[in-house]
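Tertiary structure, described
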Amino acid sequence: MAVSRRGPSALLTRQGLIRFGLYAVGLVPAVATFVMGATNRLGADPVNSFERTLGLWALRFLILSLCVTPLRERTGVNLLRYRRALGLLAFWYALFHLSAYVGLDQGFDLPVLLADVTRRPFIILGMVAFTILVVLAATSNAWSIRRLGRRWRSVHRWVYLAALCAAIHFILSFKVIRAETLVYALIVVGLLAYRLLPAALRRPRVA
Amino acid sequence: ADTLAARPGPLSDGGLTPTPLQDVTHYNNFYEFGLEKTDPAERSGDFHPRPWTLRVEGMVAKPRTYDIDTLLARPLEERIYRMRCVEAWSMVIPWIGFSLGDLLREVEPLGSARYVAFESVLRPSEMPGQSGLLPVLDWPYVEALRLDEALHPLTILAVGLYGQTLPNQNGAPVRLVVPWKYGFKGIKSVVRIRLTDSRPRTAWNVRAPDEYGFYANVNPAVDHPRWSQATERPIGVRGGFFGAARQPTLPFNGYGAQVAGLYAGMDLRRDF
């Protein structure tokens, strides 16, 4: 397994380079949006667009990580070794998104934040998704995989709930139902529904 | 937009610093042109604010149709007002307009009239948001005020801003401005005003009654179900997002001394 070979040389393997490239490219939207915001090129309401951009990328990477399994099963293309990077990117974007909301937007106003987190379903859904991503990110290492053994897979199935909460959180973030948010929600629902298919239907290529 | 002369009105707040014109005209909620803040400026080019008439009717002794040119020929005032959106952002806009109360007195409201209903133009061919796939609102957009709110001296019909006629994206050629209420009460591109004795339907209240009340008075103590209304993000503050700190939202958007009396004895948590 690749896990056992990790060390100073891991970065030099082809996989290691691709993985490094994935992180580098994946963080481009965050850096670009940050620079634009800091230099006043994010429009009239920069904090809001910064927040929204980060949240959207968190959802996108979450969706990409959920695509790995169907892609492998339907087409034989195996990107399993890059799934961790996609999941961690989703976590980092969710963290940036939350930090922007807590710091830049609400100015660390604790009473307001507490009211938001306890009273508003829209915020609660986002926090549920984020909390799950924290647990998943914290256990996305070789030590946790060894330590948790069989339980690791069941812990990481919580990603389905995270994706669902994130998609609803996205829908509720606008005053009206937007086509864009529905498309993302439908993709999430489709990816989750795929997991419910009987095993016989799920592995035509492999069988 | 054409230049429009106006004298400073006594109810204008000259102490406020207006939001830059570019932001006032390029950060808009005008769902008839699309859902994004940038849509109204980008997608209102085909809209024709001339010719235009404004019909004032219903429970009035002298119903009348005003041509936009006669409205523009009225004595106009500049009114620099705060504008607070229900989405928790705010601007300061130098409107040009005239008292709605003056106009209503010309048509002589009947004693039975208690509410004033407003209706926006319905032109799907010129307003792409009115023919979208997903139903956003029941078009045309409708709004309403209690008669005493409509007659209040702070309530104006605006025909311009920043010394020029209203740009399409800001509600050309004539719109409502009620500075102590959330921005969505400020119905744009008005074609009809009707006085009535029963409370009219209003677009956002019909769409989500738990989120958008009929009164929609700016109230930092009553949260929107999805966010706090205690503070607001001022739009167009230079210096990137580190310069745009939130500011406290004022009861009645800072106009409490003038308008709080309209709501004496009312529970503003229930009638939000």
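Residues numbered from 1 in each chain as written. Chains lettered and ligands numbered in written order. Predicted model: local features only at pLDDT ≥ 70, side-chain atom pairs only at ≥ 80, totals over all residues. Heavy atoms only, no water.

As annotated in an unreviewed UniProt entry, chain A carries the name Protein-methionine-sulfoxide reductase heme-binding subunit MsrQ and is attributed to Gluconacetobacter diazotrophicus. Chain A has a UniProt comment under Sequence similarities (unreviewed entry) that states "Belongs to the MsrQ family." Under the UniProt heading Subunit (unreviewed entry), the entry covering chain A gives this text: "Heterodimer of a catalytic subunit (MsrP) and a heme-binding subunit (MsrQ)." (UniProt positions renumbered as here; feature names shortened; annotations may be inferred.)

1. Things to note about unusual backbone geometry
At the junction of R50(B) and P51(B), the peptide bond is cis and its omega measures out at -15° in the coordinates. Positionally, P51(B) belongs in the loop between α2 (39–43) and β2 (53–58). Between W139(B) and P140(B) the backbone carries a cis peptide bond, its omega angle lying at -5°. Here P140(B) is to be found in the loop between β6 (115–120) and β7 (142–146). Residues other than glycine seldom take positive phi values, yet F108(A) does so here, at roughly 55°. Its location among the elements puts F108(A) in the loop between α4 (83–105) and α5 (110–119). In this structure, E108(B) is a non-glycine residue whose phi angle is positive, near 60°. Tracing the sequence through the fold places E108(B) in the loop between α4 (100–107) and β6. (Helix = DSSP H or I, 4+ residues; strand = E, 2+ residues; numbered from the N terminus.)

2. Quick notes on the pairing of β6(B)
All names here are of chain B. For β6, a buried count of five out of six residues is recorded, marking the element as mostly surrounded by other parts of the structure. With five bridges joining them, β6 and β7 adopt antiparallel strand pairing. Its bridge partner being in β7, Y115 is matched across the sheet by R146. Where β6 lies against strand β11 (residues 190–196), six bridges are found, and the strand directions are antiparallel. By the bridge assignment, Y115 is partnered in β11 with T196. (Buried < 20%, exposed > 50% of the residue type's maximum accessible area, 1.4 Å probe, protein only. Pairing = 2+ DSSP bridges.)

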